[in-house]
Amino acid sequence: MKKVFWLMAAVVFCSFGFIHSAIAEERATVEEIYEMCIKAANVLEVLGHDALSEFNNPEGEFVWKYS
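Residues numbered from 1 in each chain as written. Predicted model: local features only at pLDDT ≥ 70, side-chain atom pairs only at ≥ 80, totals over all residues. Heavy atoms only, no water.

Engineer: Talk me through the overall build of the chain; I want residue IDs and the actual numbers.
Structural biologist: Of the regular secondary structure elements, the chain holds three helices and zero strands. Seen in sequence order, the chain has helices and strands lined up from the N terminus as α-α-α. Considering only contacts within the chain whose residues lie at least 6 apart along the sequence, 71% involve residues at least 24 apart. Accessible area of the chain: about 4,800 Å², with a carbon and sulfur share of 63%. (Helix = DSSP H or I, 4+ residues; strand = E, 2+ residues; numbered from the N terminus. Contact = heavy atoms within 4.5 Å. Areas by Shrake-Rupley, 256 points an atom, 1.4 Å probe, with all protein chains shown as cover.)

Engineer: So what's going on with the pattern of salt bridges? Residues and values would help.
Structural biologist: For the structure shown, the criterion picks out one salt bridge. Here Glu-61 makes a salt bridge to Lys-39, at a shortest N to O gap of 2.6 Å. With Glu-61 in the segment after helix 3 (51–56) and Lys-39 in helix 2 (residues 30–47), the pair connects residues that are 22 residues apart, well separated along the chain. (Salt bridge = Lys/Arg side-chain N within 4 Å of Asp/Glu carboxyl O.)

Engineer: Before we move on, can you summarise the nonpolar core with the specific residues and values?
Structural biologist: Residues Ala-28, Ile-33, Met-36, Cys-37, Ala-40, Val-43, Leu-44, Ala-51, Phe-55, Phe-62 and Trp-64 constitute the largest nonpolar core, which totals 11 residues. Mapped onto this core, the elements with two or more residues apiece are helix 2 and helix 3. (Core = buried A, V, L, I, M, F, W, Y, C linked by side-chain atoms within 4.5 Å. Buried < 20%, exposed > 50% of the residue type's maximum accessible area, 1.4 Å probe, protein only.)

Engineer: How would you explain helix 2 if you had to name every residue and give the values?
Structural biologist: Taking 1.5 Å of rise per residue, the 18 residues of helix 2 would be expected to cover 26 Å, and the 25 Å separating its terminal C-alpha atoms lies within 8% of that figure. Every buried residue of helix 2 is listed here: Ile-33, Met-36, Cys-37, Ala-40, Ala-41, Val-43 and Leu-44. End-on view of helix 2: buried residues confined to an arc of 165°, all on one side of the axis. The exposed set on the far side of helix 2, more than 90 degrees from its buried face, consists of Glu-31, Tyr-34, Glu-35, Glu-45 and Val-46. Of the residues flanking the end of helix 2, it is Gly-48, one or two places downstream, whose phi is positive at about 65°. (Expected span 1.5 Å × (residues − 1). Arc of directions from axis to C-beta.)

Engineer: Account for the confidence of the model for the chain, with residues named and values stated.
Structural biologist: Here the chain averages 77 in pLDDT, while 60% of its residues score no lower than 70. Within the chain, the lowest mean pLDDT, 63, falls on helix 1 (residues 2–20), and the highest, 91, falls on helix 2. (pLDDT = per-residue confidence, 0-100.)

Written out as structure tokens, the structure reads:
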């Protein structure tokens, strides 16, 4: 149950990053969004609440293309 929570949290946080990256020229594919969410879930598992600063960083790796 805990992993499901973290995965859902990653999806939510990733979606914020995708929304704010509207300046990108290229749209993200469903597969890319899925892969980024899995990556975010892994970061959450390792860093816990400290990962939030990375998700909110407008210049971070989780802000790219838009969906």
